[in-house]
Amino acid sequence: EPKTPELARSPYIMYKESSVEQAKVEGRSASEAAREARGEWDRAGLSSELHLRWDDAAREDSSRFSRETDLYVEMSREVAMWEAQDYAARLRHVMDDGAEE
């Protein structure tokens, strides 16, 4: 069974996750880092370097999600086809066994 792709994340969520991970590495509180990230994000403004950098990262993440989704759909189709072929073969076998009796 194919693995469902991880959803694409917003620029803010990616920034907050990065800030929280960095805080953990530094031994700081994750919840405090998340609050600080929210404040920095809100103060920075939409045209800031911070927003633009994470917007680019979010676009890349969205592209990744799109690629993984396409692959997931293709793999799901293949699995469905194999299951249908297997079912048809078992059904033929049962029908053939019934015809012999």
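Residues numbered from 1 in each chain as written. Predicted model: local features only at pLDDT ≥ 70, side-chain atom pairs only at ≥ 80, totals over all residues. Heavy atoms only, no water.

Participant: Please set out the environment of D56 residue by residue, giving values where relevant.
Facilitator: Relative to the helices and strands, D56 resides in helix 3 (residues 49-100). In this structure D56 comes out as partly exposed when scored by relative accessible area, which is 40%. Sequence-wise, D56 and P11 are 45 residues apart; in three dimensions their C-alpha atoms are separated by 8.1 Å. A distance of 2.3 Å separates polar atoms of two side chains, one belonging to D56 and the other to R59. (Helix = DSSP H or I, 4+ residues; strand = E, 2+ residues; numbered from the N terminus. Buried < 20%, exposed > 50% of the residue type's maximum accessible area, 1.4 Å probe, protein only. Polar contact = N/O pair within 3.5 Å; in protein donor to acceptor, adjacent residues only side chain to side chain.)

Participant: Run through a nonpolar patch on the surface, naming residues and quoting values.
Facilitator: A cluster of nonpolar side chains, contributed by Y87, L91 and M95, occupies part of the molecular surface with about 330 Å² of accessible area. For L91, the location among the structural elements is in helix 3. Owing to a relative accessible area of 39%, L91 belongs among the partly exposed residues under this scheme. (Patch = residues over 30% accessible without salt bridge, like charges linked within 9 Å, V, L, I, M, F, W, Y side chains within 5 Å. Areas by Shrake-Rupley, 256 points an atom, 1.4 Å probe, with all protein chains shown as cover. Salt bridge = Lys/Arg side-chain N within 4 Å of Asp/Glu carboxyl O.)

Participant: Tell me about helix 1 (residues 11-26), residues and numbers included.
Facilitator: Taking 1.5 Å per residue as the helical rise, helix 1 with its 16 residues ought to reach 22 Å, and the 23 Å between its terminal C-alpha atoms agrees with that figure. Turning to helix 1, its buried residues number three or more, namely P11, Y12, M14, Y15, S19, V20 and A23. Once helix 1 ends, the next one or two residues include G27, with phi positive near 80°. (Expected span 1.5 Å × (residues − 1).)

Participant: Give me the lowdown on the side chain of S19, citing residues and values where you can.
Facilitator: Mapping S19 onto the fold places it in helix 1. Other than its neighbours up to four places away in sequence, S19 contacts A33 and A37. (Contact = heavy atoms within 4.5 Å.)

Participant: Account for the pattern of salt bridges, with residues named and values stated.
Facilitator: Any two side chains of opposite charge can pair, given that their charged atoms come close. Inspection of the entire model under this criterion finds 10 salt bridges. For the salt bridge of R28 with E36, the shortest nitrogen-to-oxygen distance reads 3.3 Å. On the basis of relative accessibility, which here comes to 36%, the residue R28 falls in the partly exposed class. The salt bridge involving D56 is made with R59; its shortest N-O contact spans 2.3 Å. Residue D56 and its partner R59 are located together in helix 3, separated by 3 residues, close to a single helical turn. Salt bridges linked by common partners bring R9, E17, D61, R64 and E68 together as one network.

Participant: Got a sec to walk through the packing of helix 1 against helix 2 (residues 30-44)? Specific residues and values, please.
Facilitator: Packing of helix 1 against helix 2 leaves a shortest axis separation of 8 Å and a crossing angle of 140°. Judged on the interaxial angle alone, helix 2 and helix 1 are oblique. Seen along the crossing, helix 1 lies across helix 2 with a hand that is right-handed. Together, P11, Y12, Y15, K16, S19, V20, A23 and K24 of helix 1 and A30, A33, A34, A37, R38, E40 and W41 of helix 2 make up the contact between the two elements. Here the contact of helix 1 with helix 2 is built from residues that sort into 10 nonpolar, 1 polar and 4 charged. (Axes fitted to C-alpha atoms, helices over the stretch in contact; angles between N-to-C directions. Parallel < 35°, antiparallel > 145°, perpendicular 65-115°, else oblique. Left-handed = near helix turned anticlockwise from the far one by under 90°. Nonpolar A, V, L, I, M, F, W, Y, C, P; charged D, E, K, R; others polar.)

Everything listed here is a matter of coordinates, which is why it stays silent on function.
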